[in-house]
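Now for the letters of each chain:
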Amino acid sequence: MTTATRPRVPRGIEYNLGFFVRLGLLLGVLGGIGAATLPAIPILGYGLLAHHDSITSYVAWLFGWCQHSELVSEGIYGCGQYGLPVPLFEPAVVMQRVLGLVGLGRPPKVTVDYVVAIIASLILLHFVVISVTLIIYILRKVIGYMQARLGPMRVGPKGILQTLIDAVKLLAKEDTIPGTADKVMFTLAPVVVFIPALLVYVVVPFGDSKGFIARDLNIGILYVVAMSSITVIGIILAGWASDNKYALFGAMRAAAQLVSYEVPGVLVVLGPVIMAGSLGMRDIILAQKGGVTEWFIWSPVPLVGFLVYLISSLAETNITPFDLPEAESELVSGYNVEYSGMKFGLFFLAEFANSFTVCFVAAALFLGGWYAPPVFKLAAGLTLALSVGLCWIELPFLLRWALAASALAVCLGMPDHGWGSLYWMMLKASGLQFLTMWIRATYPRVRVDQLMEFAWKGLIPISLVYLAAVGLWAAINQK
Amino acid sequence: MPKTEALQINMGPQHPSTHGVLRVILQVDGEWITSAEPDLGYLHRSFEKLGEMRTYINYLPLTDRWDYLSAMNNNLVYVMAIEKLLGIETPERCQWLRMILSELQRIASHLVFVGTFGLDVGANTPFLYCFRDREKILDLFEEFCGARLTYTCMRIGGLCGDAPDSWIEGVENFLNYLPPMLDELNALLTGNEIFIQRTKNVGVMSPELAISYGASGPFLRGSGVKFDIRKAQPYLKYPEVDFDIPVAENGDCYDRYICRFNEMWESLKIVRQCLDKLPDGDVQAKLPKTIKPPPGETYTCIESPRGELGVYMISDGTEIPYRLKIRGPGFVNLSVFPELARGWKLADVVAILGSVDIVMGEVDR
């Protein structure tokens with residue numbers, strides 16, 4: 001008896017050229033990764049060539065992606081000083097080791113770097129996962145309170161373990177793949193979405209020390225932009241491979257939206273880059289050292305750059321007024337409608353990881369990173385104190401205001417260097433994250449054409465004018 | 001060259017914004033809708049036929065299930081039809097109480113509309129605000145008749161019981177409670193720039209189109225036709241209270257929304273006047289031992305929150321109606337939907353369908 005095969009659902013566009021589409025998507029993935037890493041090579045290579053006495057060591061470095069440990073130990077690149085990512089199986093090192101074994105060269109001195117690298121990457125991974133878990137819990141709580149309900153209450157005290165349990169549930173779920181789906185692509189998509197979300201954290205500056213940034217690439221912000229734009233490929237993969245019309249719709253919308261909003265986002269990012277004269281995240285923050293007025297949210301053109309960046313990053317991370325690719329009421333769930341189990345979990349994780357990255361980047365580019373001048377300390381302290389004192393009404397009166405007072409005291413007393421800088425960076429990023437939650441609870445969803453119009457007729461002209469203004473300002477003020 | 005062709009999408013019967021189990025067969029060209037065809041019947045429970053198999057009294061609980069968001073009005077039109085056949089006049093107090101109940105029900109139903117319409121265009125918060133406020137009305141109903149959704153509250157010739165004084169007090173408290181909440185809702189949703197962009201000039205229905213399809217209720221009044229059964233063919237004590245009929249001009253989704261929103265204010269006004277004029281007395285009329293209306297027929301209609309809700313009833317002089325036809329406003333209003341949706345975007349279909357304000361229980365019956 002032959003089992004009846006389910007007829008393939010006809011699609012809007014007849015994909016008779018399935019093979020080519022698949023090939024194209026694969027090339028797209030490779031191209032995206034290439035586009036992200038290729039610019040790094042000449043830029044990094046420019047500085048490096050000077051230190052390589054032979055072309056072989058340069059090539060070895062090139063293939064090793066990161067500098068190998070000999071150079072590190074010589075302190076040329078500074079990577080080893082604050083420890084990060086020397087890949088475990090870095091080809092150059094492996095080759096040197098093999099050569100060393102057969103007596104054709106010196107074995108590299110690598111042990112310490114490997115340990116540091118592994119520890120650091122584990123810390124980053126855990127930071128991402130734990131912060132996302134917390135953010136999801138806080139989001140549900142915050143939106144719950146905004147919507148006159150309680151949010152999660154059952155698992156753990158005040159429902160604090162709810163996300164953990166949800167993650168366990170996702171892990172335990174059957175991982176289904178629809179019968180007509182493209183299995184390879186379907187499985188690949190969440191990975192393609194999740195990995196860049198994780199990789200972006202490599203250049204996120206958490207605080208004022210080289211120890212608080214995994215790797216201060218001198219193309220930092222370019223790397224962020226390149227990495228986060230890979231996401232769209234994963235989303236298209238997911239939508240196309242699911243063989244579901246709603247998913248396809250979501251994917252098409254995502255492609256249009258993410259590509260459009262990348263343009264104003266990147267244009268506006270160039271403002272702080274011009275002002276700081278560097279693409280490195282650390283350098284950009286260091287350039288905003290001189291107090292609140294020096295922050296790039298005000299500095300040459302007040303607010304415009306920051307707002308445009310915030311709006312376009314909302315759109316890039318699919319947050320509410322722009323959540324068309326996964327519009328609940330139209331597309332049910334959009335591109336991830338067919339996903340279940342941890343594959344869905346990866347999409348979810350990536351989305352929140354991305355939204356937190358965006359907050360970090362915005363804080364670093366426009367809000368002075370970890371710098372907290374006295375004015376800002378006072379403002380932040382008062383805001384925190386009032387929000388604890390006035391909002392947390394289920395706590396007893398005295399306890400509530402004691403908490404508020406201590407929040408104020410912590411803000412006033414916390415230094416903005418060393419470990420204290422970690423606090424300020426997190427505070428600013430969390431504040432922005434809260435803002436996105438607030439927006440999420442307030443706004444309806446825009447329509448596709450309105451969305452595109454807003455990007456191309458609104459944000460892009462504004463960001464171009466902003467860029468021109470900043471450029472002019474920089475040209476005039478240059479000595 | 002890959003060739004493009006129209007894509008057929010099944011929206012529903014399981015879809016978050018088809019308000020139940022409506023299935024809409026959409027032909028889309030990209031995001032554009034070339035045709036939208038509602039496919040009904042997933043919630044068909046044969047209410048009209050059931051009416052021919054039950055006594056007049058036994059059928060009453062089933063009326064709650066027609067339009068489950070305004071069960072009071074369903075009760076009302078059903079018992080009014082029977083009273084008309086029997087030739088019974090209900091006591092004064094009963095009529096005023098019926099008015100209070102049906103206007104409260106109108107507010108509750110419109111609150112659900114505002115909330116779900118917000119959901120349809122992607123705003124999640126108004127929904128919960130609306131349901132919080134609707135809860136107060138349900139509490140009042142529960143105090144009155146013991147049920148929160150399917151009341152069977154209005155009985156032939158009267159009500160299930162008299163309203164205690166505490167209940168009247170509760171209604172008064174509610175009248176003071178709701179206005180600030182409506183203002184808040186107004187500020188959150190009606191004034192929201194994105195909401196206005198999503199609904200203004202979307203799904204425009206001309207008055208001629210609306211009338212030719214037999215549309216009624218706020219759906220019709222959004223197009224500028226000032227027709228309300230409470231004014232046109234008054235029933236209960238509506239001529240004795242002072243209220244306006246909110247009308248809008250453009251006939252787009254926003255106008256339909258605004259009409260319903262303003263109706264809530266008018267209903268509040270009506271309930272307040274009813275409370276002032278509420279007389280003492282009995283709430284139950286004298287009834288014959290068995291309900292056996294003399295042979296004859298009647299068409300009775302009222303203004304339900306969704307429009308003209310009518311019952312056409314033929315009695316052959318037995319305990320069981322010969323024919324019970326229900327004229328559901330949602331069903332009639334939905335018939336305009338294909339005309340409205342054509343030429344708009346996928347996202348607009350959701351908004352337009354939301355602005356029709358259907359309840360599938362009454363569309364499918």
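To keep things clear, this report deals only with the structure shown in the data block.

Analysis parameters
Residues numbered from 1 in each chain as written. Chains lettered and ligands numbered in written order. Predicted model: local features only at pLDDT ≥ 70, side-chain atom pairs only at ≥ 80, totals over all residues. Heavy atoms only, no water. Helix = DSSP H or I, 4+ residues; strand = E, 2+ residues; numbered from the N terminus. Contact = heavy atoms within 4.5 Å. Rg over C-alpha atoms; globule rule 2.2 N^0.38 Å. Areas by Shrake-Rupley, 256 points an atom, 1.4 Å probe, with all protein chains shown as cover. Lys, Arg positive; Asp, Glu negative; His and termini not counted. Charge placed at Lys NZ, Arg CZ, Asp CG, Glu CD. Pairing = 2+ DSSP bridges. Axes fitted to C-alpha atoms, helices over the stretch in contact; angles between N-to-C directions. Parallel < 35°, antiparallel > 145°, perpendicular 65-115°, else oblique. Left-handed = near helix turned anticlockwise from the far one by under 90°. Nonpolar A, V, L, I, M, F, W, Y, C, P; charged D, E, K, R; others polar. Salt bridge = Lys/Arg side-chain N within 4 Å of Asp/Glu carboxyl O. Buried < 20%, exposed > 50% of the residue type's maximum accessible area, 1.4 Å probe, protein only. Expected span 1.5 Å × (residues − 1). Buried area = accessible area lost by both parts, 1.4 Å probe. Polar contact = N/O pair within 3.5 Å; in protein donor to acceptor, adjacent residues only side chain to side chain. Disulfide = S-S within 2.5 Å. Phe/Tyr/Trp six-rings, centres within 6.5 Å; stacked < 30°, edge-to-face > 60°. Patch = residues over 30% accessible without salt bridge, like charges linked within 9 Å, V, L, I, M, F, W, Y side chains within 5 Å.

**Observations concerning the overall build of chain A**
Part 1: Along chain A, the regular secondary structure elements total 20 helices and zero strands.
Part 2: Sequence-distant contacts, at least 24 apart, represent 75% of the contacts inside chain A between residues at least 6 apart.

**Some details on the overall build of chain B**
Part 1: Looking only at helices and strands, chain B has 15 helices and eight strands in total.
Part 2: Since a compact globule built from 365 residues should have a radius of gyration of about 21 Å, the 21 Å found for chain B is in line with a globular shape.
Part 3: With the C-alpha coordinates aligned to their principal axes, the bounding extent of chain B is approximately 80 × 45 × 35 Å.
Part 4: Sequence separation of 24 or more characterises 72% of the internal contacts of chain B that already satisfy a separation of 6 or more.
Part 5: For chain B, the computed accessible surface area is about 13,200 Å², with 51% contributed by carbon and sulfur atoms.
Part 6: Positive and negative charge centroids in chain B, built from 37 and 49 side chains respectively, lie 4 Å apart.

**Remarks on the sheet that holds strand E7 (residues 307-315) of chain B**
Two modes of strand pairing occur in sheets, parallel and antiparallel, and in both the strands are linked by backbone hydrogen bonds.
Residues and elements named next belong to chain B.
Part 1: Spatial ordering of the open sheet is given by E6-E7-E8, a layout of three strands whose pairing is antiparallel. Bordering the open sheet on either side are strand E6 (296-304) and strand E8 (323-327), each of which pairs with just one other strand. If you compare each strand with its neighbour and ignore which way they point, the axes differ by 10 degrees on average.
Part 2: Pairing between E6 and E7: nine bridges, direction antiparallel. When the bridges of E7 are listed, serine 304 appears paired with glycine 307.

**Focus: the packing of helix H2 (residues 56-63) of chain B against helix H3 (residues 71-86) of chain B**
All names here are of chain B.
Part 1: Orientation of H2 relative to H3, taken along the N-to-C sense of each, is 160 degrees, at an axis distance of 9 Å. The angle between H2 and H3 places the two elements in the roughly antiparallel class. Crossing geometry of H2 relative to H3 is assigned as right-handed. Of the residues in H3, those touching H2 at Tyr56, Tyr59, Leu60 and Thr63 are Asn74, Asn75, Tyr78, Val79 and Ile82.
Part 2: The class makeup of the residues in the contact of H2 with H3 is six nonpolar, three polar and no charged.

**Describing the pattern of salt bridges**
Residues and elements named next belong to chain B.
Part 1: Using the criterion set out here, one finds 33 salt bridges over all chains in the structure.
Part 2: Here arginine 132 makes a salt bridge to glutamate 184, at a shortest N to O gap of 3.5 Å. You can see arginine 132 sitting in helix H5 (residues 125-145) and its partner glutamate 184 sitting in helix H6 (residues 165-190), a full 52 residues away along the chain.
Part 3: Relative accessible area serves as the criterion here: at 35%, glutamate 184 is assigned to the partly exposed category.

**Considering helix H16 (residues 341-366) of chain A**
Side chains of residues three or four places apart in an α-helix project in the same direction, reflecting 3.6 residues per turn.
Part 1: With 26 residues, H16(A) should cover 38 Å at 1.5 Å per step; its first-to-last C-alpha distance of 38 Å lies within 8% of that length.
Part 2: Extensive coverage of H16(A) is indicated by the burial of 22 of its 26 residues.

**Brief notes about the interface of chain B and chain A**
Part 1: Each partner contributes to the interface: chain B provides 38 residues, whereas chain A provides 29 residues.
Part 2: For the pair chain B and chain A, the summed buried surface comes to about 2,900 Å²; carbon and sulfur atoms form 57% of the total.
Part 3: Three residues stand out in chain B for area buried against chain A, namely B:Leu7, B:Glu31 and B:Ile194, and they jointly supply 17% of the buried area on that side.
Part 4: Scanning the region where chain B abuts chain A turns up three salt bridges.
Part 5: As a salt-bridge pair, B:Glu31 and A:Arg253 come within 2.6 Å of each other at their nearest N and O atoms.
Part 6: Counting across the chain B and chain A interface gives eleven residue pairs in polar contact (both at pLDDT 80 or more).
Part 7: When residues of the side of chain B that touches chain A are assigned to their parent elements, the largest contribution, five residues, is made by strand E1 (residues 7-11) of chain B.
Part 8: For the side of chain B that touches chain A, a count of residues per class yields 18 nonpolar, twelve polar and eight charged.

**A look at the state of the cysteines**
Residue and element names in this part refer to chain B.
Part 1: The full count for this structure, using the stated rule, is zero disulfides over all chains.
Part 2: Just so you know, cysteine 274 is unpaired, no disulfide at all, and the nearest cysteine sulfur is the one on cysteine 94, 12 Å from it.
Part 3: The exposure class of cysteine 274 is buried, given its relative accessible area of 0%.

**Some points on the packing of aromatic side chains**
Residues and elements named next belong to chain B.
Part 1: Enumeration according to the criterion identifies 30 aromatic pairs over all chains in this entry.
Part 2: With 5.9 Å between their ring centres and 65 degrees between their planes, tyrosine 238 and phenylalanine 243 make a pair best called edge-to-face.
Part 3: Judged by relative accessible area, which is 2%, phenylalanine 243 ranks as buried.
Part 4: Members of the aromatic cluster, connected to one another through ring pairs, are Phe113, Phe117, Phe195, Tyr254, Tyr257 and Phe261.

**Comments concerning the packing of helix H4 (residues 92-120) of chain B against H5(B)**
What describes two packed helices is the angle between their axes and the distance between those same axes.
Residues and elements named next belong to chain B.
Part 1: Across the interface, H4 lies against H5 with an axial gap of 8 Å and an inter-helix angle of 160 degrees. Between H4 and H5, the crossing angle belongs to the class labelled roughly antiparallel. Crossing handedness for the pair H4 and H5: left-handed. Every residue of H5 that contacts H4 at Leu101, Leu104, Gln105, Ile107, Ala108, Leu111, Val112, Val114, Gly115, Thr116 and Leu119 is listed here: Pro126, Phe127, Cys130, Phe131, Asp133, Arg134, Ile137, Leu140, Phe141 and Phe144.
Part 2: Residues belonging to the contact of H4 with H5 are distributed by class as follows: 16 nonpolar, three polar and two charged.

**Details of the environment of A:Gly305**
Part 1: With respect to the helices, strands and loops of the structure, A:Gly305 is situated in helix H14 (residues 304-316).
Part 2: In this structure A:Gly305 touches A:Val268, A:Phe366 and A:Tyr466, once residues within four positions along its chain are discounted.

**Quick look at a negative patch on the surface**
Part 1: On the surface, B:Asp165, B:Glu169, B:Glu172 and B:Asp276 cluster together into a patch of negative charge.
Part 2: Inspection of the secondary structure puts B:Glu172 in helix H6.

**Remarks on the side chain of A:Lys343**
Part 1: Secondary-structure assignment places A:Lys343 in helix H16.
Part 2: Those residues in contact with A:Lys343, other than ones at most four positions away along the chain, are A:Asp175, A:Ile177, A:Phe186, A:Thr187 and A:Pro190.

The values reported here are purely geometric and, on their own, carry no functional implication.
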